[in-house]
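# Examination of the molecular architecture
Here are the chains, one letter per residue:
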Amino acid sequence: MNKFANIAKNELIKCFTFFYALIVGLSLFLPVNIFTTYLVPIMGMQVVLSAIFAWLFYKKYKHTILIYDEKGFSIERGRTKIKHKWKKFRKITLGRTEKLDYFLRLYRKDDTYVDLPLTKFKINPFKFFVEIDRYMK
Amino acid sequence: MRKNSLSKREKVMLTSLEEVMSGRGRYIAEFSEAFKDFKLNGFTFSYFVKGNTFIKGFFLSRMFSYFVNPRYNVACFLLKTDKKFGKKHLLRRIRTINKYAKKTNSRYVWFLLFSSHVNDSLRETIKTLDAYNLAVICIDTETGEKIHTVSFLGRQGKSLIRVKKEKKNE
């Protein structure tokens, strides 16, 4: 069984920005004399609290894990878990976006498809393509 | 990831596929989707990559591309062959590729061959092929020799086949 659980830096930064904005907004309700007297510790606390909340929020709701083996794969994101078997799909293709993000496109029998992102998990797309093609045969 | 046991030809083919999709192929066209064991009129090609010449990007690139770049479909076929593959086999496949190109309005097509031994009839056929829209490039994976059609596409397509140099242990 292979597991890929890379930290998505973009998502983590977005979470941090959101919580930082929220905590700074809440800090504005502090009395002015306290705010100005303890400015540096308050700013330090804002950063630390934002980082903690961002990490916890990211781990619970945004962190994506890919697990696969010869039979199928599953993607977990927060509480949602999607499982598929390779044999359910009739063919696979390797696609890429303009930004050079690779994905594996799995076609079902009715010609609808599921895209499995590969660059996100730092998987070598070409070797993965060959490997999954082997599992599907 | 499970260790793969690819032959030398398969490794060169995979490296070339990478070159087509994200290496020097990007200067030629946007090759965006690759198919493995692509079947076409009774023939099976190891890989088939389709794309177009409409380069997308951010706003300015997109505007430039919209007004200047032509919108052509392009295709690239990759095939693993052996020493028995000769003139007859090549011409049959070229006929099939030409029909496909007409059907899908593919303006330019590259046909890459990966062989363990290139025979003389194949070599001569490739060098004397005359087609403005189709380039055939063949690599002998044992010797590293590249044979290509004399057209501009053929000379340009030579760079799409890349052999990774194996690191020597010191």
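Here is what the cut-offs are and how they apply
- Residues numbered from 1 in each chain as written.
- Chains lettered and ligands numbered in written order.
- Predicted model: local features only at pLDDT ≥ 70, side-chain atom pairs only at ≥ 80, totals over all residues.
- Heavy atoms only, no water.
- Helix = DSSP H or I, 4+ residues; strand = E, 2+ residues; numbered from the N terminus.
- Buried < 20%, exposed > 50% of the residue type's maximum accessible area, 1.4 Å probe, protein only.
- Contact = heavy atoms within 4.5 Å.
- Lys, Arg positive; Asp, Glu negative; His and termini not counted.
- Charge placed at Lys NZ, Arg CZ, Asp CG, Glu CD.
- Salt bridge = Lys/Arg side-chain N within 4 Å of Asp/Glu carboxyl O.
- Phe/Tyr/Trp six-rings, centres within 6.5 Å; stacked < 30°, edge-to-face > 60°.
- Lys NZ or Arg CZ within 6 Å of the ring centre and 35° of its normal.
- Pairing = 2+ DSSP bridges.

### Describing the overall build of chain B
- Within chain B, the secondary structure is distributed over five helices and six strands.
- The linear arrangement of helices and strands in chain B, starting from the amino end, is α-β-β-α-β-α-β-α-β-β-α.
- Taken over the C-alpha atoms alone, chain B extends approximately 45 × 45 × 30 Å along its principal axes.
- Per-residue burial over chain B gives 46% buried out of 170 residues.
- Relative to all contacts within chain B whose residues are 6 or more apart in sequence, the contacts with residues 24 or more apart total 60%.
- Taken as two groups, the 35 positive and 15 negative side-chain charges of chain B have centres that lie 5 Å from each other.

### Concerning unusual backbone geometry
- In this model, A:Asp111 sits at a positive phi of 70°, which is unusual for a non-glycine residue.
- Take A:Asp111: it is sitting in the loop between β6 (102-107) and β7 (113-117).
- Non-glycine residue B:Asn105 carries a positive phi angle of around 55°.
- Topologically, B:Asn105 is positioned in the loop between α3 (87-103) and β4 (106-115).

### Describing the pattern of salt bridges
Residues and elements named next belong to chain A.
- Counting across every chain of the model gives 16 salt bridges over all chains.
- With a closest N to O distance of 3.9 Å, Glu11 and Lys62 form a salt bridge. Here Glu11, found in helix α1 (residues 9-27), pairs with Lys62, found in helix α3 (residues 39-62); they are 51 residues apart in sequence, far enough to count as distant.
- The shortest N-O distance in the salt bridge between Glu76 and Lys81 comes to 3.5 Å.
- You can call Glu76 partly exposed: its relative accessible area is 23%.
- Taken together, the salt bridges that share partners define one network made up of Glu11, Lys14, Lys62 and Arg77.

### Thoughts on the packing of aromatic side chains
- By the definition in use, this model includes 24 aromatic pairs over all chains.
- Ring plane angle 65° and centroid distance 5.3 Å describe the contact between A:Tyr102 and A:Phe126, whose orientation is recorded as edge-to-face. Linking A:Tyr102 in strand β6 with A:Phe126 in helix α4 (residues 125-136), this pair joins segments that are 24 residues apart in sequence. The same class applies to A:Tyr102 and to A:Phe126, which are both buried.
- Taking the centre distance of 5.8 Å and the plane angle of 85° together, the rings of B:Phe77 and B:Tyr100 count as edge-to-face. With B:Phe77 in strand β3 (residues 73-81) and B:Tyr100 in helix α3, this residue pair connects regions lying 23 residues apart in the sequence. Summarising the burial analysis for this pair, B:Phe77 and B:Tyr100 share the class buried.
- Linked through ring pairs, B:Phe35, B:Phe38, B:Phe45, B:Phe48, B:Phe77, B:Tyr100 and B:Phe111 together constitute an aromatic cluster.
- Note that A:Lys91 overlies the ring of A:Tyr107, its terminal NZ or CZ placed 4.8 Å from the centroid.

### Brief notes about the pairing of strand β2 (residues 43-52) of chain B
Residue and element names in this part refer to chain B.
- Within β2, seven of the ten residues are buried, which leaves it mostly tucked inside the rest of the structure.
- Both strand β1 (residues 30-40) and β2 contribute to a ladder of nine bridges, which runs antiparallel. Residue Lys36 lies in a different strand from β2, and its bridge partner there is Tyr47.
- Summarising the sheet, β2 and β3 pair through six bridges and their orientation is antiparallel. The residue of β3 that forms the bridge with Asn52 is Asn73.

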